[in-house]
Every structure is written in C-alpha cells, then in structure tokens.
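Remarks on the overall topology
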Amino acid sequence: MPAAEIARVRAEIDKLYRKDSRRIFATLIRLLGDFDRAEEALADAFRAAMEKWPAEGIPQNPGSWLVSAGRFKSIDKQRREKRFDHLEDRPDVAESLTDDSAAPDALPELLEDDRLRLVFTCCHPAIAPDAQVALTLREVCGLTTEEIAAAFLTPAPTLAQRIVRAKNKIRDANIPFEVPAREQLAGRLDSVLRVVYLVFNEGYMASSGEAPTRADLSGEAIRLCRLILELLPEPEVRGLLALMLLHESRRETRHTASGEVILLDDQDRSRWNRALIAEGAELVRAALSSQNFGPYSVQAAIAAVHAESPSSGETDWNEIVGLYDLLLRITPSPVIELNRGVAVAMRDGFDAGLAEVDRLLAAGKLSSYSLAHAARADFLRRLGRHGEARQSYARAIELTAQGPARRFLERRVAELTT
Amino acid sequence: MKYLCLVYLAPDVWDACSDSDCAAYGDTLRNRGQLLGGTPLHRTDTATTVRVRNGEVSVTDGPFAETKEALSGFYLIDARDLNEAIQIASKIPPARYGSIEVRPTRELAIAP
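Per chain, residue numbering runs from 1 following the sequence as it is written. A letter from A marks each chain and a number from 1 marks each ligand, given out in the order of writing. The predicted origin of the model limits local features to residues at a pLDDT of at least 70 and limits the giving and counting of side-chain atom pairs to 80 or more, whereas totals for whole chains, interfaces and linings rest on all residues. Note: side-chain values were computed over all heavy atoms of the structure, leaving out hydrogens and water.

1. Brief notes about the overall build of chain A
To be explicit about the condition: In this text, helices come from DSSP runs of H or I with a minimum length of four residues, and strands from runs of E with a minimum of two, each type numbered from the N-terminal end. Working definition: with a 1.4 Å probe on protein chains only, accessible area under 20% of the residue-type maximum means buried, over 50% means exposed, and in between means partly exposed. Whether two residues are in contact is decided by their heavy atoms, any of which lying within 4.5 Å being enough. Every accessible area reported is derived by Shrake-Rupley at a probe size of 1.4 Å, with residue values counting cover from the shown protein chains alone.
The helix and strand inventory of chain A stands at 19 helices and 0 strands. When its C-alpha atoms are laid out on the principal axes, chain A stretches across 85 × 50 × 45 Å. Here chain A holds 418 residues, and the buried ones make up 49% of them. Counting contacts in chain A only where the partners sit at least 6 residues apart, residues at least 24 apart contribute 64% of the total. When the accessible surface of chain A is split by element, carbon and sulfur atoms take 52% of a total near 20,400 Å².

2. Comments concerning unusual backbone geometry
Going from B:G62 to B:P63, the amide bond is cis rather than trans, its omega being 5°. As for its placement among the helices and strands, B:P63 is situated in the loop between strand 4 (56-61) and strand 5 (70-78). Backbone geometry places A:N174, a non-glycine residue, at a positive phi of 60°. Inspection of the secondary structure assignment puts A:N174 in the loop between helix 8 (156-172) and helix 9 (182-204). Accessibility expressed as a relative area gives 25% for A:N174, which makes it partly exposed. Even without being a glycine, B:N54 presents a positive backbone phi close to 50°. Relative to the assigned elements, B:N54 resides in the loop between strand 3 (48-53) and strand 4. Its relative accessible area of 84% is what places B:N54 among the exposed residues.

3. Points about the sheet that holds strand 2 (residues 35-40) of chain B
Residue and element names in this part refer to chain B. For clarity, the threshold we go by: Two strands make a pair as long as DSSP finds a minimum of two bridges between them. All axes are obtained by fitting lines to C-alpha atoms, using only the stretch in contact for helices, and the reported angles, taken between N-to-C directions, cover 0 to 180 degrees.
Across the sheet, 4 strands lie side by side as 2-5-1-6; this open sheet has antiparallel pairing. Each edge of the open sheet is held by one strand with a lone partner, namely strand 2 and strand 6 (99-104). Going from strand to strand, the sheet's axes swing by 20° on average, the running direction of each strand aside. As paired elements, strand 2 and strand 5 share 5 bridges and run antiparallel to each other. Counterpart to P40 in the pairing with strand 5 is G73.

4. Description of helix 9 of chain A
This is how the line gets drawn: In this analysis, the expected span of each helix is defined as 1.5 Å times one less than the number of residues it contains. The bend at a residue is defined as the angle formed between two axes, one fitted to the seven residues ending at that residue and one fitted to the seven starting there.
For helix 9 of chain A, with 23 residues, the first-to-last C-alpha span of 32 Å sits near the 33 Å given by 1.5 Å per residue. When the local axis directions of helix 9 of chain A are compared, the greatest deviation, roughly 30°, occurs at A:R188.

5. Quick notes on the side chain of A:S249
Residue and element names in this part refer to chain A. Condition: Whenever two N or O atoms come within 3.5 Å, that pair is a polar contact, provided that in protein one can donate a hydrogen and the other can accept it, and provided that, for residues adjacent in sequence, both atoms are side-chain atoms.
Within the element layout of this structure, S249 appears in the loop between helix 11 (235-248) and helix 12 (274-288). On the basis of relative accessibility, which here comes to 4%, the residue S249 falls in the buried class. Polar contacts involving the side chain of S249 include one to the main-chain carbonyl oxygen of L246, which spans 2.6 Å.

6. Comments concerning the pattern of salt bridges
All names here are of chain A. In plain terms, the rule: Put simply, a salt bridge is a Lys or Arg side-chain nitrogen that is within 4 Å of an Asp or Glu carboxyl oxygen.
Taken as a whole and judged by the stated rule, the model has 39 salt bridges over all chains. D325 is paired through a salt bridge with R340; the nearest N and O atoms lie 2.5 Å apart. Remark: R340 occurs in helix 15 (residues 334-348) and D325 occurs in helix 14 (residues 317-330); sequence separation between them is 15 residues. A relative accessible area of 28% means that D325 is categorised as partly exposed. Using a relative accessible area of 17% as the deciding quantity, one classes R340 as buried. Linking R382 and D378 is a salt bridge whose minimum nitrogen-to-oxygen distance equals 3.0 Å. Taken as a pair, R382 and D378 lie in helix 17 (residues 370-382) at a separation of 4 residues, close to a single helical turn.

7. Quick look at the domain arrangement of chain A
Residues and elements named next belong to chain A. Heads up, the rule is: Where each domain starts and ends comes from a domain assignment, either automatic or drawn from a database. The term buried area denotes the loss of accessible surface (1.4 Å probe radius) that occurs when two parts are joined, taken as the sum for both partners. The nonpolar class holds Ala, Val, Leu, Ile, Met, Phe, Trp, Tyr, Cys and Pro. Asp, Glu, Lys and Arg form the charged class, and all remaining residues, Gly among them, are polar.
Per the domain assignment, the segments making up chain A are domain 1 (3-106) and domain 2 (111-232). Summed over both partners, the interface of domain 1 with domain 2 buries about 1,200 Å², with 60% contributed by carbon and sulfur atoms. By the criterion of area lost to domain 2, the three top residues of domain 1 are R22, R30 and F35, representing 49% of everything that side buries. Applying the counting rule to domain 1 against domain 2 returns 3 salt bridges. A salt bridge links R30 to D114; the shortest N-O distance between them is 2.6 Å. Within the residue set of the side of domain 1 that touches domain 2, elements represented by two or more residues are helix 1 (3-32) and helix 2 (35-56). A breakdown of the residues in the side of domain 1 that touches domain 2 according to their chemical character gives 4 nonpolar, 2 polar and 6 charged.

8. Let's talk about helix 6 (residues 129-140) of chain A
Residues and elements named next belong to chain A. With 12 residues, helix 6 ought to run about 16 Å at 1.5 Å a step, and its terminal C-alpha atoms sit 16 Å apart, in line with that. Extensive coverage of helix 6 is indicated by the burial of 10 of its 12 residues. G142 lies just past helix 6 and shows a positive phi near 80°.

What follows is the structure in structure tokens.
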C-alpha cells in the first residue's frame, strides 16, 4: 500500500478515536462487564486497527470491528490469566469464557443505549456525589483525570483516587450497567440531571480567564444532555437542555474582558446567541406542554422570558413572578423566594422588593447568603437610602468569597453618596 | 450475588418495629429464595468484646452505643445486583426508623 494511503488510514483511525472511542468503550463495558477490562480492550482494539487496516483496508463497519477486536483480545487475555491462575475447575469463570466466538461473523452491535447505561451507572446514587461528576466526565465524556482536576481545582491524585474508589465500588457491589426500569426512572434520572447541571455550572459560574477548560465543561454538559434526550425524551431532560442553552446564549456578555461581572440589565443583548435562544425556547415550549414537567423546565421558562425580551424594562415581570410561584410550588427554597422577590421589585417597585427581602431575612433563612444582602443593598440604593445600602453592601461583601463578585459590590459602594 | 443488610437503630426506636413485621418480611424473602440467613440482636448493653493480643485473650464489656445507632440485626440476602439489593433493603421494616447498611459479601481469597 502506498505511503499516502497508509497515512490516510491512520488519519481515519485518529478521527474514529476522537469521535467514537467513548461509544465503543461503553459497548465494551456491557460486553465485558468491567471498566478496567473495557479500557484495556479499547486500547488493544485501536492498536489492532493500526496494525491491520493499513494493509487490509478500513472495514465496512469500523465501530463494530473495533468492539469485536477489543472483546476478542480481552477474552483471550482472560483465558491466558485463567491458565496461570489454575482456575480451570471454576465453572463460573470457564462458562463466561466459552460462549464466545460461536458466531465469528456476527459483529456486535454498537448501541447508543450503552452510553446511556454508562451514564446511569456513573450517576448511581450509591456513588458519592463528587465521584459521580468525576466518573461521568472521565468515563462517558472521555476527559482525562488531569483535565477534570484542573476544571474542578482539585489535586489530580485526589481526583484519581475518587474515580478508582468509585470504580471499585461499581465492581465489588455489582452496580449494574442498565437504564432503570420505568417505575424507578424518575428518581434515578434526577441524579443524572443533577450531575449534568453541576458539570454545566462548574463551567458557567466560574469567572473567566482563570481556567480555560471551563467553557469546555459547559459544552460537555450540553452534549451529554443532548445524548440523554435523544434516548430518553422526558420533559425534564428537555427542560434542562433548554435551561443550559439559554444560559449559554449569554456566556460572552456576562463578564468584561478583564473578568468583571456584568448584570443581566446591563448586558449587550445584541450579542446574545439567537440560535441557542431559539432552540432553547422551542424546547421549553415542548417541555411545558407535557403534563409532568419539573423544576428545570420552569427555570428554563424563566430564562426564556429574559432571553426573548429586548430589554430589562420590556421584560414581562408579571409572567416571571408567576413562573417563580410555580417553581416554589414544585421545589420550595428560600433562594427561589429571593429571586421571586427581585422579580416583584421589577414589577411593583423597589419598596415592594425590599419588603420581600426583609421578610425573608427576618425569617432567618438567608442571613448568611450574600446575594440576599446584595439585593437588599441594591433596592435601598435605588430608593436613595444610601446609608442603609452601605450597611447591606458591607454585609454582602463580608460573605462573598469570589473575587469578581466582591469587586462588583465594592464598585457599587464607591458610587454611593454618603 | 450475596449482600449483607445490616440494620442500625438508635436506642429510642430499638423496639419500634414489631417482631411479627420483621418475621413476615423474612418469610416473603425466604419464599422467593432470597433470604440466606438473618437474625435480630439483643441491645448493645449485652455485648462482649473479645480480642487476642500477644497470644492473650482479653474480654471486655461493651461496646455500648448510648445515643447513636447500633447494629440491631441483619439479613443475608441473594440479589441480582445492587439495584435489587437496595430495593429489598428499602422494604426491611426498621428502615423506616433507623438505617440499613448494604454490603456486598466476598469470597475468601484462598487457593483452590
């Protein structure tokens, strides 16, 4: 084969690795029932392709070929280990190794369902929440341990240990590779969507400039959610995808080039990504028209009202207050009450907003939540009560650890007249 | 696969579940071939701890758990996987008052 042709085949294998290796991996896990074995088989399969394809050409169905090669190599390895370990008389091992290769022509199917199974395994509630996130990014999205460690500002050895521990538990406690039955789906899907949203927020909430991989994290979360939606078209999956797309549409306008916060009111709406907004709004409509939407869909609906308003003044605040009421009925939370209070201020005036926030603070639920004091300070500032505003800003600043948010509040204080 | 379901209860709810409820659930599991063994335990103030140090047997009273949850019994079950084990554990009657720790069992690692 001419050198150019060999180079073309190699490039094709590279592309296949980038695009499909995680799907092949997921299928290998189903067939081999073990993460480490599947990881090894994946590497062996691509090695075999590098050896054979330049001479034999690329097979008709490369994905299945790779799965088949990986499985064969792994089973072969287990047979050899078995001989070493003198386990011939253990019927369970022998049996699991013999039912293979009966039909060498029947290529295993590469199922997208396998990736979904893997998502549910990685997000199993029996695994610690931190580990669910790390494991999903590692095993489903294919990020390296170093990439995940950098994104979550965690030392790589700590993260690696977390992943190893989770994989051991999956193996030893026999957490199955399966999408839960319909009657258990709702609860299990919650934990999957929570992981997806955590990954997204980790990439979205952090200030710009510090860790370049963070926008990638949001992208991974959106990709993952699209995959889940394709296989599991539930209203809340739709709602979460919508919510992430609508947030993502504003990414570029939330910070100045130097990383300072720009509030929603002051963002340049002409730079919001219209394509993402249109897709998000469409998904929200579909989610809300079903009978069993949940909190993600309602949050997405709120985001859609903002995204489709030409300015803060023209926003339908009445609708937003109504959506917050709905959200509070589904998931009562003081933080949501605070957000509702801000919407009330925009609808009925800052006096009304101040009364809402004061009521929440008096109930003691948010007294150490910096944004509650920041909202109070903002209302007082707009009402011209600068002395009181100064006190609330001081409390908010005291409670804020994040650099850009702190600097934003300090700028506000500097603008106050005494 | 075998899992050990360890039932933990605090002293104030130790007797919250009737023995007949626990026995009935045990029967349900046994009839399905999923109960391999199990028993309730006496309170922790009946416990004795045995240790061997430097070849000497030491015996002490306790340990006692005065306010915390303590082991009050166990079910050894046979389940397809952790999901089924969780399902079975969630129906153990005292799960409503204390907690059930589900642990996969393992084989002794000895040469055949």
